[in-house]
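Understanding the architecture of this molecule
Residue-level listing of the chains:
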Amino acid sequence: MIFVTGGAGYIGSHTCVELLQAGHEVTVYDNFSNSSPESLRRVERITGRAVRLVEGDIRHPQALTDALRQSGASAVIHFAGLKAVGESVEQPLRYYDNNVLGTLSLLHAMGACHVNKLVFSSSATVYGDPLHLPITEDHPLSATNPYGRTKLMIEDILRDLYRSDPAWHIGILRYFNPIGAHPSGLIGEDPQGIPNNLMPYVSQVAAGQRERLQIWGQDYPTPDGTGVRDFIHVVDLALGHVRTLAHLEKAAGCTAINLGTGQGYSVLELVRAFEKASGQTVPYSFAARRAGDIAASYASPERAIQLLGWRPQHGLDAMCADSWRWQQGNPLGYRPAQG
Ligand code: NAD
Ligand code: UDP
C-alpha cells in the first residue's frame, strides 16, 4: 500500500494510475484545496481498480497519523503542496505553513507509524538561475521566491533527517516542466482561473477560451529569443515515481534525482508543436519578460537513467496531442458542463 498525499492533483492522479497499473494499492490523502475527487473516480475508470480516499489536511497531525496508520502503507509519495510562484510572493506565510509545516507534520506521522520510505515532489526551481546546462543534481541550490524556498527548506529538512537516522529511504524528485495528460483523455491538468503555466494557457487559447497567448520575453539569449524549458510528459513523470519506489526498496539514502528529458524546447517551438497537434492556430503576442523567469533550463537525466533505469518515452508531439485531447474532452476541467 502506498500513501499518496495530494494524490487527487495533476501529477498525483497520473501517478496513482501508474501505481495501480504496476500492482500497488493506493490510499490518497488530499484536502481538495486545488483538486476534486472526480479525478480519482477517473483514475478508477482508467485502471478498473479502487482508490482508497481520505479527505484531510496534512497540517492536521492527528487525522494524518490515523489515516497513515489505518492505511498500512509501506511508503509515502508526498505531492501535497501549493505551487503558484506569484501567489507565494503575495502570501508567503500561507506557503511556508502549507508546504513546510505540512511536510513536518507528515514526517512526524511517518515516524509515529514506522514508515521510513518517502518520495518527495521537489522542483527544478531549486537550481535558481542555472550556472551550467544541462543541470546535474550537484548544481548549487538557491531560490528566488517563497515557493522555491519552501522546496529548498524541505529538501534541507529531509537531508538533515537522513543524517540523523540513516534508516530512512528518501527520494527527492526534481521535476522540470510537466505537461501533457493521460492518453485516455480522462485526467489532466485542471487549473483554477487564469493558468499560470504555459501549456494550460496555450490549450485554452487553442480552444478559443482565451484570446491570445502572451509570450513573456523575446530577447533571451536563446536560439529564437524565447524561454527554453525541459517539458516532460506527465505519464513519464508518473512512471519515474514508480521506479523510485522500487529503488527505495533496495537502498536506504537521501538522493535527489532530476526528472526531465534532457531536451530543451523554446516557448515558440512548443506553440508550433501544439498548433500541429491540434490543427488550431494559437494567436500570440510578445510581452515583457516575467519577473523572476530564467532564460533556459533543462536537465541532465543521467542519474535517473543510471539509478532508476528510467527513460522518458514521450516526445513533444505526444505531449501536445495528449494535452489537446484532455482540453477538448474536458473544456471545464473536472467541473460538469452546464446543461
Ligand atoms: P496540484 O495542485 O494539482 O496537486 C497538489 C495536490 O495537493 C492537490 O490535490 C491539493 O488539493 C493537495 N493539497 C495541497 N495542500 C494540501 C494540504 N495541506 N493537505 C492535503 N492536500 C493538500 O499540483 P501538481 O502540479 O500535481 O504538483 C504536485 C507537487 O509537485 C507539488 O508539491 C508541486 O509543488 C510539485 N511540482 C509541480 C510542478 C508542476 O509544474 N506541476 C513542478 C515542480 C514541482
Ligand atoms: N510563458 C509565457 N506565457 C505564459 C506562460 C508562460 O510566455 O502565459 C513562458 C514563461 O515565461 C517561461 C515558459 O513559458 O519561459 C514556461 O513557463 P511556466 O510558467 O509554464 O513554467 P516555469 O518554467 O516558469 O516554471
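Each value, and the rule that gives it
Residues numbered from 1 in each chain as written. Chains lettered and ligands numbered in written order. Predicted model: local features only at pLDDT ≥ 70, side-chain atom pairs only at ≥ 80, totals over all residues. Heavy atoms only, no water. Helix = DSSP H or I, 4+ residues; strand = E, 2+ residues; numbered from the N terminus. Rg over C-alpha atoms; globule rule 2.2 N^0.38 Å. Buried < 20%, exposed > 50% of the residue type's maximum accessible area, 1.4 Å probe, protein only. Areas by Shrake-Rupley, 256 points an atom, 1.4 Å probe, with all protein chains shown as cover. Lys, Arg positive; Asp, Glu negative; His and termini not counted. Charge placed at Lys NZ, Arg CZ, Asp CG, Glu CD. Near = heavy atom within 4 Å. Polar contact = N/O pair within 3.5 Å; in protein donor to acceptor, adjacent residues only side chain to side chain. Core = buried A, V, L, I, M, F, W, Y, C linked by side-chain atoms within 4.5 Å. Contact = heavy atoms within 4.5 Å. pLDDT = per-residue confidence, 0-100. Nonpolar A, V, L, I, M, F, W, Y, C, P; charged D, E, K, R; others polar. Salt bridge = Lys/Arg side-chain N within 4 Å of Asp/Glu carboxyl O.

1. Focus on the overall build of the protein chain
A tally of helices and strands in the protein chain yields 11 helices and 13 strands. Taken against the 2.2 N^0.38 rule, which gives 20 Å for 339 residues, the C-alpha radius of gyration of the protein chain at 19 Å falls within 12% of a compact globule. Expressed as lengths along the three principal axes of its C-alpha atoms, the size of the protein chain is roughly 55 × 50 × 40 Å. Burial analysis of the protein chain (339 residues in total) assigns 55% to the buried set. Roughly 14,400 Å² of accessible area belongs to the protein chain as shown, and the carbon and sulfur atoms make up 50% of that amount. Counting 28 positive and 32 negative side-chain charges, the protein chain places the centres of these two groups 2 Å from one another.

2. A few points about the site of ligand 2
Around ligand 2 sit 13 residues in total, of which L198, Q214, R229, R290 and D293 are the nearest. Backbone polar atom of W216 to an oxygen atom of ligand 2: 2.9 Å apart, as the coordinates give it. One of the side-chain N or O atoms of R229 is found 2.6 Å from an oxygen atom in ligand 2. With 4 residues, strand 8 (residues 213–216) is the single largest residue contributor to the shell around ligand 2.

3. Examining the nonpolar core
Residues V4, L19, V26 and V43 are the most contacted members of the largest nonpolar core, which totals 38 residues. Considering each element in turn, this core owes the most residues, 6 residues, to helix 1 (residues 10–21). Setting aside residues up to four positions removed in sequence, V43 forms contacts with S13, C16, V17, L20, V51 and I187. In this structure, A67, L107, C113 and C254 belong to the second largest nonpolar core, which totals 25 residues.

4. Here's the deal with the confidence of the model for the protein chain
When pLDDT drops low, the exact placement of atoms in the prediction is not to be read closely. Scored by pLDDT, the protein chain has a mean of 97; 99% of the residues are at 70 or more. Here helix 4 (residues 85–90) stands out as the least confident element of the protein chain, with mean pLDDT 95; strand 1 (residues 2–5) is the most confident, with 99.

5. Here we look at the site of ligand 1
Residues in close proximity to ligand 1 total 27 residues, the closest being D30, N34, S35, K83 and Y147. Measuring from an oxygen atom of ligand 1, one finds a side-chain N or O atom of N34 at 2.7 Å. One of the backbone nitrogen or oxygen atoms of I58 is found 3.0 Å away from a nitrogen atom of ligand 1. Here ligand 1 has 830 Å² of accessible area as a free molecule, and 95% of this is covered by the chains. If you list the elements that add at least two residues to the shell around ligand 1, you get helix 1, strand 5 (117–123) and helix 6 (146–164). Ranked by residues supplied to the shell around ligand 1, first place goes to strand 5 with 3 residues. Of the residues assigned to the shell around ligand 1, the class counts are 10 nonpolar, 12 polar and 5 charged.

6. As for the pattern of salt bridges
Under the counting rule described, the total for this entry stands at 16 salt bridges. The salt bridge partner of E38 is R41, with a shortest N-O separation of 3.0 Å. Of this pair, E38 and R41 are both found in helix 2 (residues 38–47), 3 residues apart, which corresponds to roughly one turn of the helix. Judged by its relative accessible area of 49%, R41 is partly exposed. A salt bridge links R289 to D219; the shortest N-O distance between them is 2.9 Å.

7. What to know about unusual backbone geometry
Here the residue pair L133 and P134 is connected by a cis peptide bond, since its omega of -10 degrees sits within 30 degrees of zero. Its place among the elements puts P134 in the loop between strand 5 and helix 6. Positioned with a positive phi, F32 is a non-glycine residue whose angle comes to about 60 degrees. Structurally, the position occupied by F32 is in the loop between strand 2 (26–30) and helix 2. Residues other than glycine seldom take positive phi values, yet H114 does so here, at roughly 55 degrees. Position of H114 among the secondary structure elements: in the loop between helix 5 (92–112) and strand 5.

8. Quick look at the side chain of T65
Relative to the helices and strands, T65 is located in helix 3 (residues 61–71). Using a relative accessible area of 12% as the deciding quantity, one classes T65 as buried. Here the side chain of T65 touches P61 through a polar contact of 2.6 Å, landing on its backbone oxygen.

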